[in-house]
Amino acid sequence: MKFNLKVWRQKNAQAQGKLVDYTIENIIPDMSFLEMVDVLNDNLVRKGEDPIAFDHDCREGICGMCSMYISGRAHGPHHAATTCQLYMRSFKDGDTIYVEPFRAGAFPIIKDLVTDRSAFDRIIAKGGFVSVNTGQAQDANNLPVDKADAEKAMDAAACIGCGACVAACPNSAAMLFVSAKISQLALLPQGGPERNNRAINMVNQMDEEGFGNCTNIGACEAECPKEIKLTNIARMNREYLVASLINE
Amino acid sequence: MSELNSKIPTGPLAEKWDNYKEHAKLVNPANKRKLEVIVVGTGLAGASAAASLAELGYSVKAFCFQDSPRRAHSIAAQGGINAAKNYKNDGDSVFRLFYDTIKGGDFRAREANVYRLADVSRNIIDQCVAQGVPFAREYGGLLDNRSFGGSQVSRTFYARGQTGQQLLLGAYGALERQIGLGNVKMYARHEMADVVTIDGKARGIVARNLITGELERYFGHAVILATGGYGNVFFLSTSAMGSNVTAAWKAHKKGAYFGNPCYTQIHPTCIPVTGDYQSKLTLMSESLRNDGRVWVPKSKEDAKAIREGKKTAADIKEDDRDYYLERKYPSFGNLCPRDIASRAAKEACDDGRGIVPSGLGVFLDFADAIKRLGVEVVKARYGELFPMYQNITNEDPLKTPMKIYPAVHYTMGGLWVDYELMTSVQGLYCLGEANFSDHGANRLGASALMQGLADGYFVIPYTIGNYLSSEIFTKAIPTDHPAFVEAEEAARERAEKLIGTKGKKTVDDFHKQLGKIMWEYCGMARTAEGLTHARKLIQDLRKEFWSNVNIPGTLNEFNPEFDKAGRVADFIELGELMVIDALDRNESCGGHFRLEYQDEGEAKRDDENYAYVSAWEHTSVEADPILHKEKLVYENIQLQVRSYK
Ligand SMILES: Cc1cc2nc3c(=O)[nH]c(=O)nc-3n(C[C@H](O)[C@H](O)[C@H](O)COP(=O)(O)OP(=O)(O)OC[C@H]3O[C@@H](n4cnc5c(N)ncnc54)[C@H](O)[C@@H]3O)c2cc1C
Ligand code: SF4
Ligand code: FES
């Protein structure tokens, strides 16, 4: 297969970036998208040019590191898949493919397709945990949890923190990410005691980081590789509202 | 050859750890704040250690090379975590988990460590549940368990197919909490470039800021490495792309002995290699063997027809199939341990009965399970695994059997540590997959997550206090100390040499070449002759690498190709040590199979001469390393031939 690629190249955070054209041939349909970029980079290095910087690590859809905005979609055309889980068989021979970084004010570009998503860590640091020191736990089975709740909590906990929801949202909102963590802990009894502070602190940090507001567009859910549901955002809003009332 | 002191406490096995804890020296809270600890790595082992030490009051600096501590490769673990809770009332106990682990490791692990591991396994589950880790539950709301990876009791806790992710997010949450409280300073996108030792004690690290390329110096009263496994020495493995040996290797060169480097786990159920372009291999969870049956055709002709696309699995009649694991190991069948299942697959394929075009693949068939349980049950049980397989291979395992082949998955070897998890360098500790400690020559399924969290949550918080209690009068050493300057200078010189080489071959060219050598000669089957040859090949490769590698860009920018080059340089040196170790060990045990030492295909151990841990001391890259032996003494169990028949 042969493709025309238009790839975002930007030397560093300060530099101006632009789309650069590349053609690539002899691509096998069973190659992953990242393996296709590997081949392109290999060609570039052999020609003495600077390879394209991109984030990736596990290459099996779980670490959340890969993050390409491909032809107008976060993680590309596939539903419920990360960039590393995208295979070239999903494209047509001769296609022109745009490759850009996840764009958002709160995700500054480091180089080419690599962005700084540490804002997510700072939000988690404000409450994405249960405050239990090592050694303080009781026997695990002393606290039964309704299976249905446990399943729902697991659905929310599946978020890999990739930031596709932010990249997909015209407002660059981080609601889906934040609500996934708030929901997981709101659904479990362990999260109970800190529930109110958690909602307030995490939402405040989210605003401070410069993420936008939610206007119910739903692009985040559509692009989320882990199928995190919009209902989590509704739950987060409820948690936040209740917490605000109590705190007054 | 000197004997090593593993500092195993005296007393009966079951009381050793309690005895140790009762007598370990303590640091008072006011002094803890003045003591700084560096933790390199934020996987299960590192994140749990960093969080727990910060909770105790130490001042912690944590490092990882990814953009966030949450992305360590622990995240990829699918199957589960063991614990001797005996919630199923099926006869499990601390002793049984201990025994299974020792036996699974082919009697090449240290009794005292493994017993402690089995003992604290129960606390791990309590801790994780309290953190809100959403483990699978039964209808009554209590925790569910399954049997996993060759165990006859159900002691594995799991969170769908994402156990590692959920455990890591629990530990990461605890870590972020401490970062938020100001007790941990986190350095993401930083790669450790060297350990700094002063007067024989570890006192800090030099790290490369991966965004700017700058070398930075950090002081610590103690340094903990929790940097994961080195499976990527084989180029293709189930590890993440960035997984490396660099931190452990730098420590090795600074005096930390390397334990059992040749013990590598080759996992039987991975998606087979299909082409040269492949960058990594994907594991299909071991849990699939609970319901899947492994087979190849009985006849070579049928296998050939399948390889050539003239027949499919469905065309092979029941009587013409060889369910070889069930045939060879009737009592464990498809659930026999990994090393045994892998070797059996290799044997079947070497016999010309492989079923993928390369010849290196066997079937894992769910047809019987589907008949017995129905499609829906099977689908529910293997949640995201089937779609994952289908996405990669374009084939639906509900309709046609999976194709699998062994791949490099885990490294039992690692830095040698004593009972306190201290390496042979004072004040330098090593946790998780990066150390050699608990799995002997083969690791059982669901035991790595257990070990990482045991080390980080429940062992190091006690053992490090025993050391740091004598450091309370040591003031923080300024990083303009000559030892820091020297370490940074050495790292810079090496980097400049690498980037200045401007040769003809890419970093990946070398990495792939190394991987081929390792897989061929130091993989599933090894011989003295092959290993001797491999050593020469690796030495030549090292020389060529340093004169002919081509790294683009500069040192003062974000430069992933340079990062890769540094790691490959270390892998090449490690590869040679693995080969040396495999050559020394004239026996077969666990993942180390020497063709010369076997009984009709079964590993033949030599307890008389090789019941020891090999701990290698570095001399120089050009010269032979020095072997130190830690004799393995078994006081509580009898060494047996490990049989799963
Ligand atoms: C696909 C897969 C499935 C698995 N499934 C299971 C399972 O079901 N059950 C089980 O028990 N085990 C399983 N394992 C094994 C288990 O996941 C690992 O052994 C374990 O998670 C390792 O944890 P760790 O904390 O030691 O290292 P890792 O999680 O690998 O973390 C290493 C850390 O070190 C950092 N690091 C590395 N090098 C450097 C450096 N030079 N400088 C700075 N930082 C560095 C990294 O950034 C990272 O934070 C699986 C492994 C794989 C690959
Ligand atoms: S909610 Fe979905 S898209 Fe957003 S960070 Fe989590 S996994 Fe990624
Ligand atoms: S590289 Fe880990 S999710 Fe894609």
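Residues numbered from 1 in each chain as written. Chains lettered and ligands numbered in written order. Predicted model: local features only at pLDDT ≥ 70, side-chain atom pairs only at ≥ 80, totals over all residues. Heavy atoms only, no water.

On to the overall build of chain A. Scanning chain A for helices and strands turns up eight helices and seven strands. In terms of overall dimensions, chain A has C-alpha extents of about 60 × 35 × 35 Å along its principal axes. In chain A, once contacts between residues fewer than 6 apart in sequence are set aside, the share between residues at least 24 apart is 69%. Accessible surface, chain A as shown: approximately 9,800 Å² in total, 48% of it carbon and sulfur. One way to put it: in chain A the 25 positive side-chain charges average out to a point 3 Å from where the 31 negative ones average out. (Helix = DSSP H or I, 4+ residues; strand = E, 2+ residues; numbered from the N terminus. Contact = heavy atoms within 4.5 Å. Areas by Shrake-Rupley, 256 points an atom, 1.4 Å probe, with all protein chains shown as cover. Lys, Arg positive; Asp, Glu negative; His and termini not counted. Charge placed at Lys NZ, Arg CZ, Asp CG, Glu CD.)

Right, let's talk about the site of ligand 2 for a bit. Around ligand 2 sit 13 residues in total, of which Cys159(A), Cys162(A), Gly163(A), Cys165(A) and Cys224(A) are the nearest. Breaking the shell around ligand 2 down by element, the ones donating at least two residues are α4 (164-168) and α5 (175-187) of chain A. (Near = heavy atom within 4 Å.)

With 68 residues of chain A at the interface, the matching set in chain B holds 70 residues. Taken together, chain A and chain B are joined by nine salt bridges. Between Arg160(B) and Asp155(A) there is a salt bridge whose closest N-O contact spans 2.9 Å. Linking chain A with chain B are 44 residue pairs in polar contact (both at pLDDT 80 or more), by the criterion used here. (Salt bridge = Lys/Arg side-chain N within 4 Å of Asp/Glu carboxyl O. Polar contact = N/O pair within 3.5 Å; in protein donor to acceptor, adjacent residues only side chain to side chain.)

Per-residue confidence for chain B gives a mean pLDDT of 96, with 99% of residues at or over 70. As scored by the predictor, the complex reaches a pTM of 0.97 and an ipTM of 0.98. (pLDDT = per-residue confidence, 0-100.)

Residue and element names in this part refer to chain A. With domains assigned, chain A is organised as domain 1 (3-111) and domain 2 (117-246). Using only C-alpha atoms to locate each centre, domain 1 and domain 2 end up separated by 29 Å. With 21 residues of domain 1 at the interface, the matching set in domain 2 holds 20 residues. Here domain 1 packs against domain 2, burying approximately 1,500 Å² in sum over the two surfaces, 56% of which is carbon and sulfur. Joining domain 1 to domain 2, the criterion identifies two salt bridges. Here glutamate 223 makes a salt bridge to arginine 73, at a shortest N to O gap of 3.0 Å. Along the contact surface separating domain 1 from domain 2 lie five residue pairs in polar contact (both at pLDDT 80 or more). (Domains from an automatic or database assignment. Buried area = accessible area lost by both parts, 1.4 Å probe.)

All right, on to the site of ligand 1 then. Around ligand 1, the structure places 37 residues, and the nearest of them are Gln66(B), Ser74(B), Met192(B), Glu433(B) and Leu449(B). Proximal residues around ligand 1 fall on chains A and B, making this an inter-chain site. In this structure, Ser74(B) approaches ligand 1 through a side-chain N or O atom, which is 2.5 Å from an oxygen atom. Relative to its unbound accessible area of 1,000 Å², ligand 1 is 97% covered by the protein chains. When residues of the shell around ligand 1 are traced back to their parent elements, those giving at least two are α3 (44-56), β6 (190-198), β15 (402-411) and α14 (448-468) of chain B. With three residues, the single largest contributor to the shell around ligand 1 is β6(B). Counted by class, the shell around ligand 1 contains 16 nonpolar, 17 polar and four charged residues. (Nonpolar A, V, L, I, M, F, W, Y, C, P; charged D, E, K, R; others polar.)

All names here are of chain B. Between its terminal C-alpha atoms helix α15 (residues 482-500) stretches 26 Å, which fits the 27 Å expected from 19 residues at 1.5 Å a residue. Residues of α15 that are buried include every one of Ala483, Phe484, Ala487, Glu488, Ala491, Ala495, Leu498 and Ile499, and no others. All buried residues of α15 lie within an arc of 130 degrees about the axis, which places them on one face of the element. Away from its buried face, by an angle of more than 90 degrees, α15 presents the exposed residues Pro482, Glu486, Glu493 and Gly500. (Expected span 1.5 Å × (residues − 1). Buried < 20%, exposed > 50% of the residue type's maximum accessible area, 1.4 Å probe, protein only. Arc of directions from axis to C-beta.)

Residues and elements named next belong to chain B. Within the structure shown, the criterion is met by 83 salt bridges over all chains. A salt bridge links arginine 203 to glutamate 471; its shortest N-O distance comes to 2.8 Å. Pair noted here: arginine 203 is in strand β7 (residues 201-209) and glutamate 471 is in the loop between α14 and α15, with a separation of 268 residues, a long-range link. Given a relative accessible area of 5%, arginine 203 falls into the buried group. One salt bridge connects glutamate 286 with arginine 289, and the closest N-O pair in it is separated by 2.5 Å. Using a relative accessible area of 3% as the deciding quantity, one classes glutamate 286 as buried. When its relative accessible area of 2% is taken as the criterion, arginine 289 is described as buried. Put simply, Asp106, Arg108, Asp339, Arg585, Glu587, Arg605, Asp607 and Arg642 are held in one network by salt bridges that share partners.

Another aspect to go through is the nonpolar core. Grouped together as the largest cluster of nonpolar side chains are 227 residues, with contacts concentrated most on Phe211(A), Ile81(B), Phe135(B), Ile464(B) and Phe545(B). Among the elements that line this core, the one with the most residues is helix α18 (residues 560-584) of chain B, at 12 residues. Counting contributing residues per domain, this core is built from domain 1 (3-111) and domain 2 (117-246) of chain A, each supplying no fewer than three. When neighbours within four sequence positions are excluded, Phe545(B) is seen to be in contact with Leu498(B), Phe510(B), Ala565(B), Val568(B), Ala569(B) and Ile572(B). In this structure, Leu40(A), Met88(A), Ile97(A) and Tyr277(B) belong to the second largest nonpolar core, which totals 28 residues. (Core = buried A, V, L, I, M, F, W, Y, C linked by side-chain atoms within 4.5 Å.)

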